[in-house]
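# Examination of the molecular architecture
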Amino acid sequence: MIKNISNFIGNNKNVICIDSNINENNNYNNFDKFAYFTNFLPETEVSKLLSMTQNIIVFIINGYEGKKNILTYAIKYYNIINLKDEIFIVVNKKKGANSLEKRISIIFTDYKKMNAEDYSILKITKTNSNVIDVPDEYNNVLYFKEKIKNVTISFNTEKGMFSCEKMDEGSKFIIEIIEKESIIKSNMKIIDFGCGYGAIGIPLAMLHNNSEFLMLDMNSTCIMYTERNISTNRLSNCKVFLSDGLAAINKSGFCDVIVSHFPMHINSGKKEEIIKQFYDKIKINGILVLVMLSKYNLSRFVKDLFSEISQDKSPALPQYTVYIYKKRGL
Ligand SMILES: C[S@@+](CC[C@H](N)C(=O)[O-])C[C@H]1O[C@@H](n2cnc3c(N)ncnc32)[C@H](O)[C@@H]1O
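Residues numbered from 1 in each chain as written. Predicted model: local features only at pLDDT ≥ 70, side-chain atom pairs only at ≥ 80, totals over all residues.

On to the pairing of strand S3 (residues 55–61). By the criterion of burial, S3 is predominantly enclosed, with seven of the seven residues buried. Residue alternation in S3 divides its side chains into two sets, Asn55, Ile57, Phe59 and Ile61 and Ile56, Val58 and Ile60, and both sets are buried. Pairing of strand S1 (residues 14–19) with S3 involves six bridges; the strand directions are parallel. Bridge pairing links Cys17 to Val58 in S3. Where S3 meets strand S4 (residues 86–92), six bridges bridge the pair, whose relative direction is parallel. Paired with Ile57 across the two strands is Ile87, which belongs to S4. (Buried ≥ 20, exposed ≤ 12 C-beta atoms within 10 Å, placed from the backbone. Helix = DSSP H or I, 4+ residues; strand = E, 2+ residues; numbered from the N terminus. Pairing = 2+ DSSP bridges.)

See below:
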């Protein structure tokens, strides 16, 4: 697919590419200078990568980045690139290309649409140095604090995100059980899968500052807020990845614990795929801790790969169950 894009972009340019789908076997060799990222970068990082000559920023949109998020970053990058630099947004026609195009045509004056088979390529050229403001409707930032054990955590979230006004009770409950059972020890590697804005991983990272936390979510708004919350709470033991399932992580058998407020709304095939990925990434005898509404369970996907150690339901919170599993040996 990127081969088609290089036909549109031309070679010998300074290309900054943001493509969350790291598995795609794209060929980027045509470009003179090339930097490749899986997350939207803060403008400060992008400005360090800009050259004096022509810069191209390419967003490859895989469908779960969120329109407001794409547009917010397109505006932020537009404001810092040089005159005549270009931004290309490559979006699958089935993944909302038309509605994205409509918004782009309202925000940016110099924009052109091109077609490349299943993809629309929306090209924005910087033709003047006017600064464009991010529309207010994209700025729905909320703020709250939570106290967990002896730490107070500040959270920024946004309307529309899971449990955006306060931490979800199930997410608090999984932390309570993890702490009660002393699951996390020093120097462990822990994945918070489906991290949202960091509700589970950030408090745990504050409580266990000599363990390392990898926070993953497929939603880039979540990733953006997790990054922001990590920096607000001054944590240095967390990394964040935009990832569908655990696709962003290549290494097998490296993590000690996976925690997750599991997304139960996804289809059965996807649930099974993710549980198999958990099995692959976790060490033998590593621990998987899941919270979910008590009316659901994942036992049919989990039982062959993990042994169940415990199930907890709080009398005050019967709607949630926390499951602790241990990875089976081979
Ligand atoms: C129930 S929410 C939990 C959010 C957060 N951990 C909390 O406790 O507030 C589930 C999260 O899983 C994410 N998610 C759903 N499907 C996913 C997938 N295939 N890969 C990665 N994350 C996914 C959603 O974007 C959402 O943020």
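Of note, Asn79 is situated in helix H3 (residues 67–80). Along the primary structure Asn79 and Met264 are separated by 185 residues, whereas in three dimensions their C-alpha atoms are 39 Å apart. For Asn79, the residues in contact, after removing those within four places along its chain, are Val131 and Ile132. (Contact = placed C-beta atoms within 7 Å.)

Many descriptions give the size of an interface as the accessible area lost when the pieces come together. When cut into domains, the protein gives domain 1 (2–136) and domain 2 (141–327). Distance between the C-alpha centres of domain 1 and domain 2: 31 Å. (Domains from an automatic or database assignment.)

Here we come to unusual backbone geometry. Not every positive phi belongs to a glycine, and Lys84 is a case in point at roughly 75°. Mapped onto the elements, Lys84 comes out in the loop between H3 and S4. The phi dihedral of Ser182 falls on the positive side, at around 45°, and the residue is not glycine. Within the secondary structure, Ser182 is located in the loop between helix H5 (169–180) and strand S9 (189–193).

In this section: the sheet that holds strand S12 (residues 255–261). Pairing within the open sheet is mixed, and its seven strands lie in the order S11-S10-S9-S12-S13-S15-S14. With partners counted over all chains shown, the strands left at the sheet margins are strand S11 (238–242) and strand S14 (306–314), one partner each. Averaged over all pairs of adjacent strands, the angle between strand axes in this sheet comes to 15°, irrespective of strand direction. The pairing of S14 with strand S15 (residues 317–327) spans seven bridges and is classified as antiparallel. Note that in S15 the partner of Ser310 across the bridge is Ile324. Sheet strands touched by helix H7 (residues 220–232): strand S10 (212–217) and S11. Its angle to S11, the strand with the most contacts, is close to 165°. Packed on one face of the sheet, helix H8 (residues 268–281) meets S9, S12, strand S13 (282–293) and S15 and runs near 145° to S13. (Axes fitted to C-alpha atoms, helices over the stretch in contact; angles between N-to-C directions.)

Where H3 meets helix H4 (residues 97–107), the axes come as close as 11 Å, and the angle between the chain directions of the two elements is 35°. The interaxial crossing formed by H3 with H4 has right-handed handedness. Residues Lys67, Ile70, Leu71 and Ile75 of H3 lie in contact with H4, whose contacting residues are Ser99, Leu100, Arg103 and Ile107. (Left-handed = near helix turned anticlockwise from the far one by under 90°.)

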